[in-house]
Every structure is written in structure tokens, then in C-alpha cells.
Amino acid sequence: MQEKVKNRWLIAAAAVGIHLSIGSVYAWSVFTKPIINQFGWELSEVQFTFSIAILFLGLSAAFLGHYVEKHGPRKSGTLSSIFFGLGIAGSGLAIHLESLPLLYLCYGVLGGIGLGVGYITPVSTLVKWFPDRRGLATGLAIMGFGFASLIASPIMQALIVSVGLANTFFILGAVYFVVMFASAQYLSPPPQGWVPEGYSAEEGSGKKIKKDLCQLTANEAVKTRRFYLLWLMLFINVTCGIAVISVASPMAQEIVGMSAAAAATMVGLNGLFNGAGRIGWASLSDYIGRPNTYTAFFLIQLVLFFLLPNLTVPALFMGAMFIIMTCYGGGFASIPAYIADLFGTKQMGAIHGYILTAWAAAGLAGPIFAAWVRDSTGSYTGTMTVFAAMFAVALVISLIIRLDIKKLREQAKQNENSVELAS
């Protein structure tokens, strides 16, 4: 009996369900003041919870990528729902017991592990279901991660006011577990040899699916130069993006004299453009190619970071900031498709997990680096100039990786010709 093929758009919806849940981590700042007010803990102590979560996101994505490949998306998604649900609900217990170490363990470690596995699982599945539109597929899921804080923030705020901090965590933990667990049950890879309707894996009828340049395991991928070039591109994009996010409000007030309220509105809109950039740039990458997309990211940001401290008109400053946010979000959303193009889908989840260590490193380095440069130079001009220089390096890397791609294409062509001659 022929296996019933699932609807790939419902697979995409399930992926978005998981990413909307775990993406709520970016709304952590909603909890910061209520926690400080309730317990009198230091801001740095409370903020450290978020840093631990991002660190464990990167570590678990790297170390559990092989688990995702071995056990499949349904089991991996279920594991993610358990860790993330327990982490959020456990944070309620930490608040109830007034224990900061327990908060670090629950929200930071357990929640962070759920984050990492939940991030890579749907993405590696979607890439296999959308060989014709990889950018759009990964952009859809990762857009959910970007938009999550916009949806979660007002809900969290309302819950804190109505039921208190601890109960807010208990409720959210239960809701996220149910949404993620239900979404994970529908996730599965496509049947062997499956192609979208109207396409063909072979020459002949229908549009042909573009072949990957090669099919590597994760351990083979980390031995190639292009793996480290991709890692560096993501690291620079995220470091500069997170750094500018972390100082967006004070920088707007200092450089263009925006009021605190106007700066806060701009920060809120940053989230909107971050999310829109994820789907927009990733979809565009299907048409202009991933190498051109990344070169565009770095060229645009090189210019804008250089101009940012000199833009004294609020509308221009905000416009530049919003474009930077689209490139920041687009970098996250386009990287899985780029990985699949360069290494194939054989162990894409594991390779994506390894690459995401760049995010963990940047999450720690970006804000600290921005604060240090600001303190050393005494202005944001110096900070932005350093970041513009980093984008110049990233731009060069985005051009170097093209040489590797060119070599791979030539090798693939030679292999095809050899096969044709042999047959």
C-alpha cells in the first residue's frame, strides 16, 4: 500500500508553531523589571538568565544535531517540547521559591536545550520538503521565531498583572508544551525520492529539481573551508546585529535626540522588521542565490553602520536601523538554505547545529563588545566604525566562498560527464 504523503504546507505550519513558542525567549525583558521589583536582584543577575538560554541554545543545537538526524523530527520536536515546557514551568517554581540559581537552571539550561533542539528540528525538515523553494520554507519558520516576541510580550505583560509572576510561567510552560508537542507529531521527512508536484528528480517531464553541490555528513562538513567561512559570516552578522539591538534606545536618544518614548517605539518596530527580513530576504535568496544575498547583507550594512552615527534626522536614523534589522533577521533565515546548497541535506540538522555555535558566541560577544568599545571611545561613532570594518571583512569572506562554490560546481560537472561517458 502506497504511503500517504503529508501536506508540506501543514509541515510548514507545524514548524511555525514550534518557532513561535521558542521565539518567546526574545521577550525575556518583559520579566526583567517585575523580577527585580519583587526580589531586589541586580539587573545583571536577571539578564544573565537570558545569556545562559542563548548559550545553551547554541550548545544544544551543536551537540544534539546528530540526535535530530538519527531519531527524526517527530522525536526531536517532542524532546524539545518537554525541555522547553519544563524550563518555563520550572522558572515559575524558581520564582515561587525565590531561587536565582534555580531560575538559571530552568529557564537558562533546560529552556535553552529546548530552544536549540526546537530551532534546528523544523528547519532541517522543511528544507527536505521544499527543495524548490528552500529560502521561503526556512524563512517561514524562522520568521515565526522573529515575530514571537511581538505576540508574546503583551500576553506576558497582561498575565503578570492578572495572575502574578510565578503563575505566568506555569501557564506559559503548559501552553508552549501543548503547542510544541502537537506540532511535533505532524513533523516527518518526505518519503524517499519524493519531489513536489510539477517537478522531476530526473531529466524528462516536469521542472527539474536543482541538484545539491554535494552530500556531506556533519563530520565531513567541518573539515571543509567553506564551513568556517559560513560560520564567520553568521558570527559577524549576528555580533553586530545583537550589539546594535542592545544599544538601539540609548543610541537613538544620544545621536538624534529622540525621546525615551520614541526610542522605545523604534525598538518595538525593530522586531517587526527583524521578522519581515527573515521571510523577505530568505524568499529573495531563492531567486538571486544565497551567495548574492549574503554579499548584499554585508554591502548594505557596511554603508549603514558607517553612516548611522552621522544621521541626525530621526526618520533617516530609524530607516537605517530598520534596514539593518531586515539584514540581521535575513542572515538567520537564509543560512539553513545556504548550508543545504553547499553540503546537501544528508545531515543538514547536525551541520546547522554546528553553525549555530556562531550565534551562541555572538550572543555573548556582541553586547559586551558594544559596551566596551562605547566606554573606550566615549561615543557610538567609534563602535559603529568598528562594526563597519567587521562588515568589510564579512564582505570579503562572502566573495571568497564563491571560489569554493565555483570549484564544487566544476567538480560536480566533471563527475556528471564521467558518469555519462561510463554509461
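Calculation notes
Residues numbered from 1 in each chain as written. Predicted model: local features only at pLDDT ≥ 70, side-chain atom pairs only at ≥ 80, totals over all residues. Heavy atoms only, no water. UniProt positions renumbered as here; feature names shortened; annotations may be inferred. Salt bridge = Lys/Arg side-chain N within 4 Å of Asp/Glu carboxyl O. Helix = DSSP H or I, 4+ residues; strand = E, 2+ residues; numbered from the N terminus. Buried < 20%, exposed > 50% of the residue type's maximum accessible area, 1.4 Å probe, protein only. Core = buried A, V, L, I, M, F, W, Y, C linked by side-chain atoms within 4.5 Å. Contact = heavy atoms within 4.5 Å. Axes fitted to C-alpha atoms, helices over the stretch in contact; angles between N-to-C directions. Left-handed = near helix turned anticlockwise from the far one by under 90°. Nonpolar A, V, L, I, M, F, W, Y, C, P; charged D, E, K, R; others polar. Expected span 1.5 Å × (residues − 1). Arc of directions from axis to C-beta.

The protein is annotated in an unreviewed UniProt entry as OFA family MFS transporter of Brevibacillus thermoruber. According to the UniProt record, the Subcellular location (unreviewed entry) comment for the protein reads "Cell membrane".

Student: Explanation requested: the pattern of salt bridges in the structure shown.
Tutor: Side chains carrying opposite charge are able to pair once their charged atoms draw close together. Enumeration according to the criterion identifies six salt bridges in this entry. For arginine 290, the salt bridge is made with aspartate 341, and the minimal N-O distance between the two is 2.8 Å. Of this pair, arginine 290 sits in helix H12 (residues 290–307) while aspartate 341 sits in helix H13 (residues 314–343), and the two are 51 residues apart along the sequence. Residue class for arginine 290 comes out buried when judged on its relative accessible area of 7%. Each of the salt bridges in this network shares a partner with another, and the network as a whole consists of Arg134, Asp286, Arg290 and Asp341.

Student: Can you help me understand the nonpolar core in this one?
Tutor: Grouped burial of nonpolar side chains is what soluble globular proteins tend to show. Ranked by size, the top nonpolar core spans 131 residues in total, and within it Ile35, Leu230, Leu308, Phe317 and Trp359 carry the most contacts. Counting residues per element, this core draws most heavily on H13, which supplies 16 residues. If near-sequence neighbours (up to four positions away) are discounted, tryptophan 359 is found in contact with Tyr26, Ile54, Leu57, Tyr119, Phe145, Val238, Ile242 and Phe332.

Student: Quick question: what am I supposed to make of the packing of helix H9 (residues 225–246) against H12 here?
Tutor: Think of two packed helices as two axes; the pair is described by the angle between the axes and how far apart they sit. Their axes nearest at 12 Å, the elements H9 and H12 cross at an angle of 35°. Read as a crossing pair, H9 and H12 show a hand that is left-handed. Between H9 and H12, the contacting residues are Met233, Asn237, Cys240 and Val244 on the first element and Tyr294, Phe298, Gln301 and Phe305 on the second. The residue makeup of the contact of H9 with H12, split by class, is six nonpolar, two polar and no charged.

Student: Can you help me understand the environment of phenylalanine 298 in this one?
Tutor: Following the sequence through the fold, phenylalanine 298 ends up in helix H12. Sequence-wise, phenylalanine 298 and proline 190 are 108 residues apart; in three dimensions their C-alpha atoms are separated by 35 Å. With residues near it in sequence (within four places) discarded, phenylalanine 298 still touches Met233, Asn237, Phe391, Ala394, Leu395 and Ser398.

Student: What should I look at first to understand the environment of glutamine 347 in this one?
Tutor: Relative to the helices and strands, glutamine 347 resides in the loop between H13 and helix H14 (348–355). Glutamine 347 sits 99 residues away from alanine 248 along the chain, and the two C-alpha atoms are 38 Å apart. Excluding anything up to four places from it in sequence, glutamine 347 contacts His66, Glu69, Leu216, Thr217 and Ala218.

Student: Could you clarify how one ought to interpret helix H7 (residues 165–186) in this entry?
Tutor: Each full turn of the α-helix corresponds to 3.6 residues, which orients residues three or four apart in the same direction. With 22 residues, H7 ought to run about 32 Å at 1.5 Å a step, and its terminal C-alpha atoms sit 33 Å apart, in line with that. Of the positions making up H7, those classed as buried are Leu165, Ala166, Thr168, Phe169, Leu172, Gly173, Tyr176, Met180, Ser183 and Ala184. End-on, the buried residues of H7 take up no more than an arc of 135°, which puts them together on one face. If you follow the buried residues of H7, they end up packed against helix H1 (8–22), helix H2 (29–39), helix H4 (65–96), helix H5 (100–129) and helix H6 (134–163).

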